[in-house]
Amino acid sequence: MGFGEKEESLVKESWEAMKPNVADLSVCFFTNILDIAPAVKDMFSFLRDSDEVPQNNAKLKAHAIKVFKMTCESAIQLGEKGEVVVPDSSLKHLGSVHLKNRVVSVHFEVVKEALLRTIKEAVGEKWSDDMASAWGQAYDELAAAIKNEMNQDQ
Ligand code: HEM
Ligand code: ISQ
């Protein structure tokens, strides 16, 4: 299934529903990442010194919100333009941050799975295969754009 207006509106609708709760969801998102791949914890500067995912870590929250928002915006761009458009400099920046932190391909699958789980838990009854597929596609496009930058830096 391609990415069109329906997919865009599914992502937008679920993002609007999650927005008021995004602080808690960021903790949930991170907990899901660590459930799937515990070793990933040490990659994040704001988690290195703690034993569990901190409930009140401002940095973690700010980051998680960014990731959610970027995926959502990427979905909107995909719906409108048929491609991911992130300002060039910020994609370059993301490429270098992730390269520097030794993020590799499998990690992108971990974060994808964790993101989808988090949204599923957040939207409850609204969750559907179509919604999973819409967020999954938006994420994949964004991940591909970041990976592309990472490869160019090498
Ligand atoms: C940092 C987004 C995938 C690990 C960041 C930042 C953003 C971001 C916005 C903050 C950059 C800055 O400091 O200016 C994304 C998006 C992803 C993605 C949109 C996928 C589409 C991943 C994956 C991993 C990862 C797969 C590996 C598990 C990290 C780490 C940092 C980071 C370790 C640095 C955190 C720190 O400051 O210590 N990411 N990311 N990211 N990301 Fe990601
Ligand atoms: C950075 N990159 C990917 C996923 C993230 C989740 C929470 C906080 C920061 C992140």
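Here the structure is a predicted model, which means the values were calculated and not measured. (Residues numbered from 1 in each chain as written. Chains lettered and ligands numbered in written order. Predicted model: local features only at pLDDT ≥ 70, side-chain atom pairs only at ≥ 80, totals over all residues. Heavy atoms only, no water.)

Side note on the site of ligand 2
Put simply, the rule is: Residues are counted as near a molecule or strand when any one of their heavy atoms sits within 4 Å of it. Using a 1.4 Å probe, accessible areas were evaluated by the Shrake-Rupley method; residue-level cover was limited to the displayed protein chains. In DSSP terms, a helix is any run of H or I states spanning at least four residues, a strand is any run of E spanning at least two, and both are numbered starting from the N terminus.
Residues in contact with ligand 2, as listed here, are F29, F30, I33, F44, H63, A64, V67 and H98. Alone, ligand 2 offers 270 Å² of accessible surface; in the complex the protein occludes 89% of this. Listing elements by their share of the shell around ligand 2, those giving two or more residues are α2 (22–36) and α3 (58–81).

A few points about the nonpolar core
Keep this limit in mind: We define a nonpolar core as any set of buried Ala, Val, Leu, Ile, Met, Phe, Trp, Tyr and Cys residues linked to one another through side-chain atoms lying within 4.5 Å. Note on exposure labels: buried denotes an accessible area under 20% of the residue type's maximum, exposed denotes more than 50%, and partly exposed covers the range between, all computed with a 1.4 Å probe on protein chains only. Should any heavy atoms of two residues lie within 4.5 Å, those residues are counted as being in contact.
Grouped together as the largest cluster of nonpolar side chains are 46 residues, with contacts concentrated most on M18, F68 and W135. Sorting the residues of this core by element identifies α1 (5–18), α2, α3, α4 (88–100), α5 (105–123) and α6 (129–153) as the ones contributing at least two each. Apart from the residues lying within four places of it in its own chain, the contact partners of M18 are L25, F68, I119, A122, V123 and W135.

Let's talk about the coordination of the iron atom of ligand 1
For the record, the criterion: A 2.8 Å cut-off from the metal defines N, O and S donors, relaxed to 3.2 Å for Na, K and Ca; water is not in the atom list, so some sites may appear incomplete. In these descriptions, tetrahedral denotes four donors with every angle between 85 and 135 degrees, square planar four donors and octahedral six donors with opposite donors over 155 degrees apart and the rest between 65 and 115, and irregular any other case.
Among all protein atoms, only H98 (NE2) binds the iron atom of ligand 1, sitting 1.9 Å from it. Seen from the iron atom of ligand 1, its six donor atoms lie at angles of 87 to 177°, and the figure they make is octahedral. The residue H98 is located in helix α4 in this model.

Overview of the confidence of the model for the protein
To keep it simple, the criterion reads: You can read pLDDT as the predictor saying how much it trusts each residue, on a scale of 0 to 100.
Mean pLDDT over the protein works out to 87, with 96% of the residues at or above the 70 mark. Here α3 stands out as the least confident element of the protein, with mean pLDDT 84; α5 is the most confident, with 96.

As for the packing of aromatic side chains
To be explicit about the condition: A pair of Phe, Tyr and Trp rings is counted when the ring centres sit within 6.5 Å of each other, with Trp represented by its six-membered ring. The angle between the planes then sorts it: under 30 degrees is stacked, over 60 is edge-to-face, the rest tilted.
Overall, the coordinates contain five aromatic pairs when judged by the stated rule. With a centroid separation of 6.1 Å and an interplanar angle of 75°, the aromatic rings of F30 and F46 are classed as edge-to-face. With a gap of 16 residues between them, F30 in helix α2 and F46 in the loop between α2 and α3 connect regions that are remote in the sequence. Note on F30: relative accessible area 5%, which makes it buried. A relative accessible area of 13% means that F46 is categorised as buried. Here the aromatic rings of F44 and F46 are separated by 5.6 Å at their centres, their planes lie at 45°, and the arrangement is tilted. With relative accessibility at 25%, the residue F44 sits in the partly exposed group. Put simply, the rings of W15, F29 and F68 pair up and form one aromatic cluster.

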